Structures are given as C-alpha cells and as structure tokens.
Amino acid sequence: MRIAIACDHAAVSLKDELRDWLTNEGYDVLDLGTHGSGSVDYPDYGRRLADALASGDADRGIALCGSGIGIMIAANRNPAVRCALVHEPLSAGLARSHNDANAIALGARLIGPEMARACVAAFLSTDFLGGRHAARVDMLKELA
C-alpha cells in the first residue's frame, strides 16, 4: 500500500515522524511536502494529496496542518477524495469502516505523535464494511 503524506509548515515535524514510522512499518510513503518551517499555504498541499489519490499514485492519504481542518477542506475539494478529520483511533476506524475514507487529516497542534500514530494505525488497518454504508458512500459521489 502506498501512502501519500502532505502538510503545511505547522506540521512538518509530525509529518516527518509519521513518514519515518510508516516506512519502518513497511509502507511505501510518498512525501509530498512541505519540508521546512517556512510559511506555506495548506491548500497547495491538500491539492497535492488529492491529486496523488485521484491519479492512483497513492492508495491512502494523510493530511496534516495545525488543526487538520484547512488541509482537509482543501483535499476534499477533489471529488475522488474522502478525507476525514480524526482525533483518536475510534474516529479513524469509523472513517474507514463507515465512510470508506481514503484519507485522514490530523491537527499537529492538537494531538501528539503517539496519538497520531494510533490514528494512522487504525485508519490503515480497518476495512470498509460496505453493505448499507456503500449506498451512502455512493450518494456522496453523486454530490460531486
């Protein structure tokens, strides 16, 4: 599974930590930046993540900014993306099992590295349940 990860300046440290952890766990990680602490615009990085998912360059995505909100909104502008803002493993798992989320957003100013890893682990290890949830996900596609 190839995981795309993108962030703005507020989340570089968390992105780097998650990238290294995922690589050590055996995932192929596509680091879309940013790579420094200089101010950048989160919509640019949300778009990079969305483009990687839409093109098939990545199977799943992790979007990071200070709150997780801005980059999530940016990524979700692409109809191929279902990015959920999560704060703990339960919401990360539900995003996958009920909503077939292909990306999660995390707020680097709101959660620490240990909780972020727990959220990512839940997200990556949970399957979409399908069934009644599939019809609802299909309805989302009609909204695009």
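Preceding this paragraph is the structure being described.
Rules used in this analysis
- Residues numbered from 1 in each chain as written.
- Predicted model: local features only at pLDDT ≥ 70, side-chain atom pairs only at ≥ 80, totals over all residues.
- Heavy atoms only, no water.
- Salt bridge = Lys/Arg side-chain N within 4 Å of Asp/Glu carboxyl O.
- Helix = DSSP H or I, 4+ residues; strand = E, 2+ residues; numbered from the N terminus.
- Buried < 20%, exposed > 50% of the residue type's maximum accessible area, 1.4 Å probe, protein only.
- Contact = heavy atoms within 4.5 Å.

1. Some remarks on the pattern of salt bridges
Next up, step 1: This structure, assessed with the given rule, holds ten salt bridges.
Next up, step 2: For the salt bridge of arginine 117 with glutamate 17, the shortest nitrogen-to-oxygen distance reads 2.8 Å. Note that arginine 117 is positioned in helix H5 (residues 113–125) and glutamate 17 in helix H1 (residues 12–24), a separation of 100 residues in sequence.
Next up, step 3: Judged by its relative accessible area of 34%, glutamate 17 falls in the partly exposed class.
Next up, step 4: Here aspartate 20 ties to arginine 19 by a salt bridge, and the two come within 3.1 Å at their closest N and O atoms.
Next up, step 5: Overlapping salt bridges, with partners in common, bring together Lys15, Asp16, Arg19, Asp20 and Asp31 in one network.

2. What about the environment of isoleucine 62?
Next up, step 1: Along the polypeptide, isoleucine 62 turns up in strand S3 (residues 60–65).
Next up, step 2: Given the relative accessible area of 0%, isoleucine 62 is considered buried.
Next up, step 3: As a C-alpha pair, isoleucine 62 and asparagine 102 span 40 residues in sequence and 8.8 Å in three-dimensional space.
Next up, step 4: Once you skip the residues sitting within four places of it in the chain, isoleucine 62 turns out to touch Ile3, Ala4, Ile5, Ala6, Leu18, Leu22, Leu49, Ile104, Leu106 and Val120.

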